[in-house]
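Analysis of the macromolecular model
Below are the chains, spelled out letter by letter.
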Amino acid sequence: MELSSSGPARPVGRGRKAQAAVRAATLAELLDRGYAELTIEGVAQRAGVHKTTVYRRWTDRASLVVDALAEHFATDIPIPDTGAVETDLQALARALVQSMTGPVGRAVQTTIFSDAGRLPEIAEARRRVLADRFRRAEPVVTRAIERGELPAATDHVELFKTMAAPIYFRLLVSADPIEESTADQAVRITLAAARAGALTHGSAEAVKATEADAGQA
C-alpha cells in the first residue's frame, strides 16, 4: 500500500471511498507522527474529509487506528493456493517480510512496541492483526493435511508462530537484514518441525509431560 505525502488531500466525498481515504490517511499519520501525536483533525485534513465524516464511522482515535491497522493487514497478505505446502508457506512468509518492512509495517512496529503498545486499544490492534495472520494460515494447513503433506493434527496457529518467529527476531531483536531468503529459511525450519510432529495440537503439553517424566526418572 502506498501512503500519501503530508498535507491535505482533495475532497473525496462520502461512503466507501471516504472510508478508504480515512484509513489510508490514518496509516500515513501514524507513520509520520506516531500514535501519540495522531489526531482526528490531522487524519481528516490529510484524507480530504470533514472531521464529522470521521466521527460518523469511528468514535475516537483509538477505534480509528485499530480499524485502519486491521483493515490494512486483512488485505495486505493474501491466502496462497499454489498446490503445495512449501510454496504456499513461502508465499505467506515472503508477504509477511514485505509487509513488515514496508512503511506501514514500520509504523506498526513503532506503535506496538513503543509506550503506546501498553494502551488497551493498541493491544486490541495487535490481537486483531495476529488473529488475521492465524486465519490466513488455516486453509494452507488444512489443504496440506488433505494432501498428506503434514501430520493430521498440525496446528495452524503454532505453525504460523514458528514460521514468523525468525522474521520477527530479525525485525525486533537482532536488526539483521531481512530478505526473501529469510522467509524461505523460516519456511524450511517450520516444515521440518511440522513434519516431525512438533507443531500438532497439544504438542506443547506433550513436551511438558515428557520433561516431567524425565525429571521423575
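Higher on the page you've got the structure.
Rules of the game
One numbering rule holds for all chains: residues counted from 1, following each sequence as written. Under the rules for a predicted model, residues below a pLDDT of 70 receive no local features and side-chain atom pairs below 80 are neither given nor counted, while totals for whole chains, interfaces and linings still include all residues. Side-chain measures here rest on the full set of heavy atoms in the structure, leaving out hydrogens and waters. Helical segments are the DSSP runs of H or I of at least four residues, strand segments are the runs of E of at least two, and each set is numbered from the N terminus. Whether a residue is buried, partly exposed or exposed follows from its accessible area with a 1.4 Å probe, protein chains only, as a fraction of its type maximum: under 20%, in between, or over 50%, in that order. Any two residues having at least one pair of non-hydrogen atoms within 4.5 Å are treated as being in contact. To estimate the expected span of a helix, count its residues, drop one, and scale the result by 1.5 Å. Pairing of aromatic side chains here covers Phe, Tyr and the six-membered ring of Trp, requires ring centres within 6.5 Å, and sorts the geometry by plane angle: under 30 degrees stacked, over 60 edge-to-face, intermediate tilted. Sitting over a ring, as applied to charges here, requires NZ of Lys or CZ of Arg to be within 6 Å of the ring centre and within 35 degrees of the ring normal. Note on definitions: angles span 0 to 180 degrees between N-to-C directions of axes, and those axes are lines fitted to C-alpha atoms, for helices only across the stretch in contact. Handedness of a crossing follows from how the near helix is turned relative to the far one, being left-handed for an anticlockwise turn of less than a right angle and right-handed for a clockwise one. Charged residues are taken to be Asp, Glu, Lys and Arg, nonpolar residues to be Ala, Val, Leu, Ile, Met, Phe, Trp, Tyr, Cys and Pro, and polar residues to be all remaining types, Gly included. Salt bridges are defined by distance alone: a side-chain nitrogen of Lys or Arg within 4 Å of a carboxyl oxygen of Asp or Glu. Residue types Ala, Val, Leu, Ile, Met, Phe, Trp, Tyr and Cys, when buried and joined through side-chain atoms within 4.5 Å, form a set referred to as a nonpolar core.

**Structural notes on the overall build of the chain**
The helix and strand tally for the chain stands at 10 helices and 0 strands. In the chain, the succession of helices and strands from N to C terminus is α-α-α-α-α-α-α-α-α-α. The 217 residues of the chain split such that 42% are buried. Long-range pairs, those at least 24 residues apart, make up 68% of the contacts in the chain with a sequence separation of at least 6.

**Concerning the environment of Ala186**
In this structure, Ala186 sits in helix H9 (residues 180-195). Taking the relative accessible area as the measure of exposure, Ala186 reaches 1% and is therefore buried. Each C-alpha atom of the pair Ala186 and Ala93 lies 7.6 Å from the other, and the pair is 93 residues apart in sequence. Not counting residues within four places of it along the chain, the set of residues in contact with Ala186 comprises Met163 and Pro166.

**Points about helix H5 (residues 85-101)**
Relative to the 24 Å expected for 17 residues at 1.5 Å per residue, H5 spans 24 Å between its end C-alpha atoms, a close match to the ideal helical length. For H5, the full list of buried residues reads Val85, Asp88, Leu89, Gln90, Leu92, Ala93, Ala95, Leu96, Val97, Ser99 and Met100.

**Overview of the packing of aromatic side chains**
Throughout the structure, instances matching the rule amount to 1 aromatic pair. Both rings, one in Phe134 and one in Phe160, keep their centres 5.9 Å apart while their planes meet at 80°; by these two values the pair is edge-to-face. Here Phe134, found in helix H7 (residues 120-146), pairs with Phe160, found in helix H8 (residues 156-174); they are 26 residues apart in sequence, far enough to count as distant. Above the plane of the ring of Tyr35 lies Arg61, whose end atom (NZ or CZ) is 4.1 Å from the centre.

**Some details on the side chain of Thr26**
Note on placement: Thr26 falls in helix H1 (residues 15-33). The contacts of Thr26, once residues within four sequence positions are left out, are Leu38, Val43, Leu64, Val65 and Ala68.

**Some points on the packing of H5 against H8**
At a minimum axis separation of 11 Å, H5 and H8 run at an interaxial angle of 35°. Read as a crossing pair, H5 and H8 show a hand that is right-handed. Counting all contacts with H5, which are made through Leu89, Leu92, Ala93, Leu96, Val97, Met100 and Thr101, the residues of H8 involved are Leu159, Phe160, Met163, Ala164, Ile167, Tyr168 and Leu171. Here the residues of the contact of H5 with H8 sort into 13 nonpolar, 1 polar and no charged.

**Quick word on the pattern of salt bridges**
All told, the structure shown has 14 salt bridges when counted by the stated rule. Close ionic contact of Asp67 with Arg23 constitutes a salt bridge, the shortest N to O distance being 2.8 Å. One end of the pair, Asp67, is in helix H4 (residues 61-76); the other, Arg23, is in helix H1, with 44 residues separating them in the sequence. Here Arg147 and Asp88 are joined by a salt bridge, their closest N and O atoms 4.0 Å apart. Of this pair, Arg147 sits in the loop between H7 and H8 while Asp88 sits in helix H5; the two residues are 59 residues apart in sequence, bridging distant segments of the chain. By relative accessible area, which is 34% here, Arg147 ends up partly exposed.

**What about H9?**
Under the 1.5 Å per step criterion, the end-to-end length of H9 is 23 Å for 16 residues, consistent within 8% with the ideal 22 Å. Considered for burial, the residues of H9 that qualify are Thr182, Ala183, Asp184, Ala186, Val187, Thr190, Leu191 and Ala194. Two residues or fewer past H9, Gly197 is found with a positive phi of approximately 85°.

**A word on unusual backbone geometry**
Look at Ala175: it is not a glycine, yet its phi comes out positive at around 60°. With respect to the helices and strands, the residue Ala175 is situated in the loop between H8 and H9.

**Brief notes about the nonpolar core**
Ranked by internal contacts, the top residues of the largest apolar core, which has 56 residues, are Val22, Val54, Leu69, Leu89, Leu150 and Met163. Among the secondary structure elements, those contributing two or more residues to this core are H1, helix H2 (40-47), H4, H5, helix H6 (103-112), H7, H8 and H9. If sequence neighbours within four positions are ignored, Leu150 has contacts with Val85, Val141, Ala144, Ile145, Leu159, Leu191, Ala194 and Arg195.

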